[in-house]
Structures are given as C-alpha cells and as structure tokens.
Amino acid sequence: MKASLALCVLASVTTSALADTPSSRLDDVLQRGTLTVCTTGDYKPYTSLRADGGYEGIDIAMAESLAKSLNAQIKWVPTTWKTLMPDFLAQRCDIAVGGISVSLERQKKAFFSQALGVDGKIPLVRCADVQRYQTVEQINQPQVRVIEPAGGTNEVFARAHLGQAQIRLHDNVTIFDELLAGKADVMITDASEARYQQKLKPGLCAVNPERQMQYSEKAFLLPRDDVAWKSYVDQWLHLSVATGVYDGIVNQWLAAP
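Each chain carries its own residue numbering, running from 1 in the direction its sequence is written. Only residues with pLDDT of at least 70 get local features here, since the model is predicted, and only at 80 or more are side-chain atom pairs given and counted; chain-wide, interface and lining totals rely on the full set of residues. Excluded from the side-chain calculations are hydrogens and water; all other atoms, namely the structure's heavy atoms, are used.

Asks: Is there a simple way to explain helix α9 (residues 191–200) in this structure?
Replies: Among the 10 residues that make up α9, seven are buried, leaving the element largely enclosed by the rest of the structure. Note on classification: 1.4 Å probe, protein chains only; a residue is buried when its accessible area is under 20% of the maximum for its type, exposed when over 50%, partly exposed between these limits. Only DSSP runs of H or I reaching four residues or more are called helices, and only runs of E reaching two or more are called strands; each is numbered from the N terminus. Burial in α9 covers these residues: A191, S192, E193, A194, R195, Y196 and Q197. In this fold, the buried residues of α9 make contact with β2 (42–43), β9 (121–126), α7 (153–161), α8 (175–180), β12 (186–190) and β13 (204–206). Throughout, a contact is declared for two residues whenever any of their heavy atoms are within 4.5 Å.

Asks: When you look at unusual backbone geometry in this model, what are you seeing that I'm missing?
Replies: With the exception of glycine, the majority of residues adopt a negative phi angle, and the majority of peptide bonds are in the trans configuration. Following K44, the chain continues to P45 via a peptide bond in cis, the omega torsion being 10°. Along the polypeptide, P45 turns up in the loop between β2 and β3 (47–49). One non-glycine residue, N71, lies in positive phi territory at about 55°. With respect to the helices and strands, N71 occurs in the loop between α3 (58–69) and β5 (73–78). Positive phi, close to 60°, is recorded for Q91, a residue that is not glycine. Along the chain, Q91 turns up in the loop between α4 (84–89) and β6 (95–96).

Asks: What is the right way to read the environment of A158 from this model?
Replies: Relative to the helices and strands, A158 resides in helix α7. A158 gets classed as buried once you look at its relative accessible area, which sits at 0%. When the C-alpha atoms of A158 and R195 are compared, they prove to be 19 Å apart, with 37 residues separating the residues in sequence. Setting aside chain neighbours within four positions, we find A158 in contact with V146, E148, G163 and I167.

Asks: Can you help me understand the nonpolar core in this one?
Replies: Inside soluble globular proteins, nonpolar side chains tend to come together where they are buried. Counting residues in each nonpolar core, the largest one holds 42 residues, and the members touching the most others are L35, I95, L221 and W229. Those residues within four positions of I95 in sequence are excluded, and the remaining contacts are L35, T36, V37, C38, L66, F88, F220, L221, L222 and V233. By nonpolar core is meant a set of buried Ala, Val, Leu, Ile, Met, Phe, Trp, Tyr and Cys residues that side-chain atoms within 4.5 Å join together. In terms of nonpolar packing, the next biggest core, distinct from the first, is built from 14 residues, V146, L162, V186 and V207 among them.

Asks: Teacher, can you tell me more about the pattern of salt bridges here?
Replies: Pairing between side chains of opposite charge can happen when their charged atoms approach one another. Salt bridges are defined by distance alone: a side-chain nitrogen of Lys or Arg within 4 Å of a carboxyl oxygen of Asp or Glu. Counted according to the given criterion, the structure contains 17 salt bridges. Close ionic contact of R132 with D129 constitutes a salt bridge, the shortest N to O distance being 3.8 Å. With a relative accessible area of 52%, R132 lands in the exposed category. E210 is paired through a salt bridge with R211; the nearest N and O atoms lie 3.6 Å apart. This pair shows no difference in class: E210 is exposed, exactly as R211 is.

Asks: Could you clarify how one ought to interpret the environment of L237 in this entry?
Replies: Along the chain, L237 turns up in helix α10 (residues 227–242). The sequence separation of L237 and A115 amounts to 122 residues, and the corresponding C-alpha distance is 9.3 Å. Aside from chain neighbours lying at most four places away, what touches L237 is M62, S113, Q114, L116 and F220.

Keep in mind that these numbers describe shape and distance, not what the molecule does.
Dropping the structure here:
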C-alpha cells in the first residue's frame, strides 16, 4: 500500500510539473504554421524593405529557409533598432533577424543563435578621405562629423570611442547619401555593410575592412531560456553552413573585400 501510494504521489507530482512547463516556441510555430520574424528593414545587406512592401537580404533569405524547414509561413514584424528589444521582450516575434550584433547587454535579456561570423566596426568614408580617417584617433577630433543610425551598436561604438567628434543621428536608409553629399565625414558601421555600400554607391569606400576596430559577431535573436527553440535554430544553422546554403546566400550580396 505504501509503495502504491508513493507511486501515485510521484505520478501526480510529475504530471503537475509537466503541466506547468511552458511550451517551446518550436511547438508553437509547428502548431500555428506561422513563424513571426522581427526585422528593421534598413540594414543592407542583411535586411531591406523594398518599395513593394516585401523584404530582402541575407537574413531575410535565411529566415525564409528556416520557415521552410518548419513548413511554416512567415509573418514579418517591422521594428527599429531603438524598439527591437522592447518588441522582442513583448513577444511580438519568435525570432529577430537583420544583422543583429551580439552584445552582453542584449544577452542579459535574450538568447542568441550560434554566431554567423565575425563582423567588426570600421569607418565608411568618401573615397578621397580614406587616408584621413584610418584610426580612432584620426576620427575622434572636434572637426570630424560622424553620422550614425539611432539605437544600434554603431551609435554605441561612436558614443564610447568618438566623444570628441561631432556625432549626428540619421535614418539608416539615406545616411549614405549624407556621406556622399559631404554633409558628414565618417560613418562607423560593420565591415559587411561598408563593403556592400561601397559596391552600391561609387564614391564611398570601406576603410580597412579586414582590420576591424572592434570585434563583433552577428547572430539571430531568440527568446531567453527556450532551449528547445534555440537547439532547433542552431542545428538548422549548422546544416545550412555545412551544406553551403548560407555561403550561397551571402555571396549574392557581399562585395569582395
């Protein structure tokens, strides 16, 4: 009797614990048949909002591949760099993509997928000024006009290392035209974006893209503590890299170093 009672109590406790265990986003996506994806749409070559309302870019193509692996449709959730984390913590999306840099501040609130590669900060300048803005010391001068998008790691870098320069915030779509027009001197951004923009806009040059001023990695943003969802995304990423799918997508977008 005592043994039977103990087994009944154990079964009851186990059932209760399982009932209290929150479902994973993996289960939710599979059940809904929909993958919700937060993205800013303003950070080529990772995410770009087209005139027709659709998105394109490296991370957009990867998100579409992830959705396909889950037999799910994508629901895009527009966000900004300032509102990315609040939107994510409000559970507006299952994953956030679009050239998101791994940072300890973000790590305090969310998980990251396995890193997609190293992509540190470098200057993007007019080609005539490449020799003038080679180092942090050359840029961190009162007469130098630095322009950055608000709310992201580019602004964080500028505030931390370029306090003597003139720092102005601007939208991340027309910011490159400001540089070309001579309305700003330097934009600090990731090497991948600088390389892409120098291909897209003749007259702009990435300064030493192989020698970044700051180490950085790119990854996808995931809900904190959801191990099952992170494990699935990481395995999907691993297979995408191993089979050449990821490199194939990247090579469509990035200019040669």
